[in-house]
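Coordinate analysis (summary)
Single-letter residue listing:
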Amino acid sequence: MTADAVLFWILAAITLAAALTVVLVTNPVYSALSLVMTMVGISALFVTLNAYFIAGVQLIVYAGAVMVLFVMVLMLFDLKHELQAFTQGKVSGAIKIGVVGMLSGLIVGAILMSSGTSTVPAVAAEGDQTKALGKILFSQYLFGFEALGVLLLVVAVGAVALSRSKGGTHAKH
Amino acid sequence: MPSIDFVTQVGLTHYLVLSALIFSVGVAGVLLRKNAIVLLMSVELMLNSVNLTFVAFSKYSGKLEGNIMVFFVMTIAAAEAAVGLALVVSIFKRFKEVNIRFFEHLKG
Amino acid sequence: MSHEILLSILILSPFVGFLINGFRYKKHSGNLAGGIASGAVFISFICAVILVADLVGMPAESRKIAVTFFDWIAVANLSVKAGFVVDQISGIMILIITGVGTLIHLFSISYMHHDKGVAKYFSYLNLFLFNMLLLVLGENLLIMFVGWEGVGLCSYLLIGFWFSDKEKAAAGMKAFITNRIGDAAFLLGMFVLFLTFGTLSFSELVSMAPSVPELGWAGPLTLATLFLFVGATGKSAQIPLYVWLPDAMAGPTPVSALIHAATMVTAGVYMIVRLNPLFLAAPNTLMIVASVGALTAVMAASIGLVQNDIKKVLAYSTVSQLGYMFLACGVGAFGAAMFHLMTHAFFKALMFLGSGSVIHSMHEEQDIRKMGGLRKYMPITHFTFVLGWLAIIGMPPFAGFFSKDEILWMAFHSPLGHTGLWVCGALGATLTAFYMTRLMALTFWGKSRVDHKIHPHESPALMTGPLIVLGVLSVIGGWYGIPHVIGQYVGHLPNLLEGWLEPVIRAVPNLAHADESTEWAFMGISVALAGISASVAYHLYVRSPETPKVMAKKMSVAHDILLNKYYVDEFYFGSIINPLVSVSKNIWYYIDVNFIDKTTYLITDLVKGAGLFAKSLQNGNIQQYAMYIAIGVVASLTFILMR
């Protein structure tokens, strides 16, 4: 067993456990913390995949910015305890759980069926991956990159406008 | 039966299966939780699992486009979180709660 | 002008009039509406005259103007052409229809000018004439049937013209429904004919008619003609379907004159004359036709004896006279039937219009017990009415004498006739003379019993004009059918009508040569009977008006039976209509409510349930929607993987 494998299994266990905690814990603050944990886990997994730049961005954007946003909103509302964390309805609940189970089963089954247990040998990364990434991003995908910038601007304006409104769907006053 | 190779030889399949499992957890969260913020978190989970898939494919196919995609997805996810949270704030202002069922009023 | 154009103008002119007046049905200007309608009919009349004049100019053996406009129906071996034909029979008919029609339209202008629905009235009249022309000009049974139904519809509309009065609306429905029974039989007759001969065209049917009579009752020809005759009893008011005609008097009086005396009710006679070779080939049918005709003639005349409504008397008289026409058809004297049809159209239209004039001047009073002595107030109406009276009771040389006498003579003389039929006919003639004289006496003669508030007056010229024309026709209308026995003494006058109709009417087989003196004797007997009967009536109702009342009391049973029209209506209600209604009600209660309604309710419930289910899917719960998406993903993944 190589160090890679050990690392993967540990990280996979942590990430999956953290993800489950996000969904299962009733306190949203704990959910948020677990989500941070998941993000960090995935970031570490990115590192094992030699995607250092993406791993860094993952940490900064998700674990940093997005999660701060979540926690701030949570703090804003002061939501500590939820009486009903899950939806009611036994029938629909059963259906939902069943659907989720089937979905995961199907996807995993499909993956295993298509590749079996054989592993595809990894293609060795050539040279400095971050540099290559930057070159592609600012040449081939420049338009997408710029469009994303515009999108973020629009979203920023939209989010501010939405939060400033009086709220509610039938606001009249 | 998973052979010993499956445990020791970590490859693309492992990452994909892990990603699928995280995705399913995210779906479960979206379907089952009532708190709108937790719902958004579950959506983030799903997006992250997909990111993991992209990076894994990128590594095992040797193409950098996967990483570019992840970059884009992250940005979109951040935007989505911002808008979603703004909506949650609106709902909270109106109903003093962030239960997803208040979105039912959107059906008119 | 070519015959196609003339014929289309002839037929379409009233239709155009109907459209014009139909579109301005809300207008109250009687003169304009009447002018348009009368003009339309007059144009038709001119066309008819030109066409018949052309017809006269043709050689006798090929007298026929046949025009085919287009193929109407062509399915498998059924081929129906929109063809029209003017020949000797329909030529007479179109002259009567458009000629008398024009006069009655003119009369109506004055009679209906105060009515609110005058434009509607004239549009109906024009539509009626259009359909009547279709009926008589159609080259095959199907076109005739279209007209047959069309005139039935117009009759219904015009009887119920004052539909706000429930009784009048009910009379319209009675006429319509009774006619429906006959029409169903007519259809059956057409089916049998088509099955037998494979065609509905008159010319082909007539040429295919076998020359050997069909004996027995179940043969196709007997069956078909019987069905057609039942259809004719509906339209022409014979036993057993005559009950609608007296009630039809609820309509405006000119309508009674046009539809229920002169034209539509003679459609049955026309149809039989048109198909005379077929009927001649079915002697059993002819026997029934003759018996029904004779019975109707006597029965209706006897009811007419005691009726007090001036129009009801005339209505029963019409039924009775139609009976004569069927009697004539039944004994094979189709020419005589046509002849009587024509003279009857003149004098009965005259009498109806006369009664309209009386009713008009009496302010809608129709009870002859409240009239009397109108002679001095209404000289023209009275004079023309006298002409009609003399014509109907069969006084020579008025029109009715020649036609009725020919029928009676043929009833006795024809090999298809019978002494019993003649007795019925003669009895009917006697009764006719009695009740018509009674009508004259109670209305025009004797002491006035008119209410003091009413001041009778002569009608305007627009009403008396048609009366005078019809009066003249009632006198001279019979002169071109003068029988040989008389003709040979009066300057060898030929029987024009007989010669005219000869090519299209098949002669009665085995007609023996008649003894001249016998014919004279029968003529004398019928005139004498009518004369005696009329003078008795005159004596009873003018000289000693109290005697009839005493007699009515003495014979109260007979009087009641006659007054209640032999309780036929009551019998129909008791034996047919009420059971039918109760059966229908039961079917409604048990079958309709329990099965049909429940089935439909079940279907609506299913649809409603499906809708509710679909609605519950879309409940606004976003997580539910997400669940649908997940289910969809699972389903499509399963599909993809299992493939």
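In what follows, the structure referred to is the one given above.
Read on for an overview of the structure. (Residues numbered from 1 in each chain as written. Chains lettered and ligands numbered in written order. Predicted model: local features only at pLDDT ≥ 70, side-chain atom pairs only at ≥ 80, totals over all residues.)

Quick look at the overall build of chain B
- Each helix and strand in chain B was counted, giving four helices and zero strands.
- Ordering the α and β elements of chain B from the N terminus gives α-α-α-α.
- For 108 residues, the compact-globule estimate of 2.2 N^0.38 gives 13 Å, and chain B exceeds it by more than 25% at 18 Å.
- If one aligns the C-alpha atoms of chain B with their principal axes, the spans along those axes are about 55 × 35 × 20 Å.
- Residues counted as buried form 60% of the 108 residues belonging to chain B. (Helix = DSSP H or I, 4+ residues; strand = E, 2+ residues; numbered from the N terminus. Rg over C-alpha atoms; globule rule 2.2 N^0.38 Å. Buried ≥ 20, exposed ≤ 12 C-beta atoms within 10 Å, placed from the backbone.)

Quick notes on the overall build of chain C
- Each helix and strand counted, chain C has 26 helices and two strands in total.
- The principal-axis extent of the C-alpha atoms belonging to chain C is close to 115 × 65 × 50 Å.
- For chain C, buried positions account for 50% of its 643 residues.

Details of the interface of chain B and chain A
- In this assembly, 69 residues from chain B lie in contact with 72 residues from chain A.
- Here the side of chain B that touches chain A takes 22 residues from helix α4 (residues 65-95) of chain B, the largest share from any one element.
- When grouped by side-chain class, the residues that make up the side of chain B that touches chain A number 44 nonpolar, 18 polar and seven charged. (Contact = placed C-beta atoms within 7 Å. Nonpolar A, V, L, I, M, F, W, Y, C, P; charged D, E, K, R; others polar.)

Remarks on helix α8 (residues 220-235) of chain C
Residues and elements named next belong to chain C.
- Given a rise of 1.5 Å per residue, 16 residues ought to cover 22 Å, and the 23 Å separating the end C-alpha atoms of α8 matches this to within 8%.
- Within α8, 15 of the 16 residues are buried, which leaves it mostly tucked inside the rest of the structure.
- Of the residues one or two after α8, Ala237 is the one with positive phi, at around 55°. (Expected span 1.5 Å × (residues − 1).)

Considering helix α15 (residues 334-361) of chain C
Residues and elements named next belong to chain C.
- Its 28 residues place the ends of α15 40 Å apart at the C-alpha level, agreeing with the 40 Å of an ideal helix rising 1.5 Å per residue.
- Helix geometry: α15 is bent most strongly at His344, by close to 25°.
- For α15, a buried count of 27 out of 28 residues is recorded, marking the element as mostly surrounded by other parts of the structure. (Bend = angle between axes of the 7 residues up to and from the residue.)

As for the environment of Leu52 of chain B
- Along the polypeptide, Leu52 of chain B turns up in helix α3 (residues 36-61).
- For Leu52 of chain B, a count of 26 C-beta atoms within 10 Å corresponds to the buried category.
- Between the C-alpha atoms of Leu52 of chain B and Ser42 of chain B, which are 10 residues apart in sequence, the distance is 15 Å.
- Residues within four places of Leu52 of chain B in sequence aside, it is in contact with Ile42 and Leu45 of chain A together with Tyr15, Leu18 and Ser19 of chain B.

With respect to unusual backbone geometry
Residue and element names in this part refer to chain C.
- Along the chain, Ile239 connects to Pro240 via a cis peptide bond; the corresponding omega equals 5°.
- Along the polypeptide, Pro240 turns up in the loop between α8 and α9 (244-247).
- Omega for the bond connecting Pro396 with Pro397 falls within 30 degrees of zero, at 5°, which places this linkage in the cis form.
- Along the chain, the position of Pro397 falls in the loop between α16 (379-393) and α17 (399-413).
- Look at Ala76: it is not a glycine, yet its phi comes out positive at around 45°.
- Along the chain, Ala76 turns up in the loop between β1 (65-75) and β2 (78-86).

Considerations on the packing of α17 of chain C against helix α22 (residues 516-543) of chain C
All names here are of chain C.
- It is at 10 Å that the axes of α17 and α22 come closest, and there the two elements cross at 125°. Taken together, the axes of α17 and α22 are oblique relative to one another. In the crossing of α17 with α22, the sense of the turn from one axis to the other is right-handed. Each of Asp405, Leu408, Trp409 and Phe412 in α17 lies in contact with α22, whose residues at this interface are Glu519, Phe522, Met523 and Ser526.
- Along the lines of polarity and charge, the residues of the contact of α17 with α22 split into five nonpolar, one polar and two charged. (Axes fitted to C-alpha atoms, helices over the stretch in contact; angles between N-to-C directions. Parallel < 35°, antiparallel > 145°, perpendicular 65-115°, else oblique. Left-handed = near helix turned anticlockwise from the far one by under 90°.)

As for the environment of Ser459 of chain C
Residues and elements named next belong to chain C.
- Along the chain, Ser459 turns up in the loop between α18 (419-443) and α19 (461-476).
- As a C-alpha pair, Ser459 and Val206 span 253 residues in sequence and 48 Å in three-dimensional space.
- Setting aside residues no more than four positions away along its own chain, Ser459 makes contact with Ser357, His360, Ser361, Thr381 and Thr464.

Thoughts on the pairing of β1 of chain C
All names here are of chain C.
- Across eight bridges, β1 lies against β2 in antiparallel orientation. Residue pairing across strands places Thr68 opposite Gly83, the latter belonging to β2.
- Two successive antiparallel strands, β1 and β2, enclose a turn made up of two residues, where Ala76 displays a positive phi of approximately 45°. (Pairing = 2+ DSSP bridges.)

Quick word on the nonpolar core
- In this structure, Leu133, Leu327, Ala328, Cys329, Ala337 and Ala349 of chain C are the most contacted members of the largest nonpolar core, which totals 198 residues.
- Among the domains, domain 1 (1-69 + 78-137) and domain 2 (140-563) of chain C are the pair contributing at least three residues each to this core.
- If we skip the residues at most four places from it in the chain, Ala349 of chain C touches Val100, Ile104, Ala257, Ala261, Ala262 and Leu470 of chain C.
- Ala55 of chain A together with Leu18, Ala28 and Val89 of chain B belong to the second largest nonpolar core, which has 72 residues in total. (Core = buried A, V, L, I, M, F, W, Y, C linked by C-beta atoms within 7 Å. Domains from an automatic or database assignment.)

A short note on the packing of α3 of chain B against α4 of chain B
Residue and element names in this part refer to chain B.
- At a minimum axis distance of 10 Å, the contact between α3 and α4 shows a crossing angle of 175°. Comparing the axis directions of α3 and α4 gives the class roughly antiparallel. From α3, Ala36, Ile37, Leu40, Glu44, Leu47, Val50, Asn51, Phe54, Val55, Phe57 and Ser58 reach across to α4, where they touch Gly66, Asn67, Met69, Val70, Val73, Met74, Ala77, Ala81, Gly84, Leu85, Val88 and Ile91.
- Looking at the contact of α3 with α4 residue by residue, the classes come out as 17 nonpolar, five polar and one charged.

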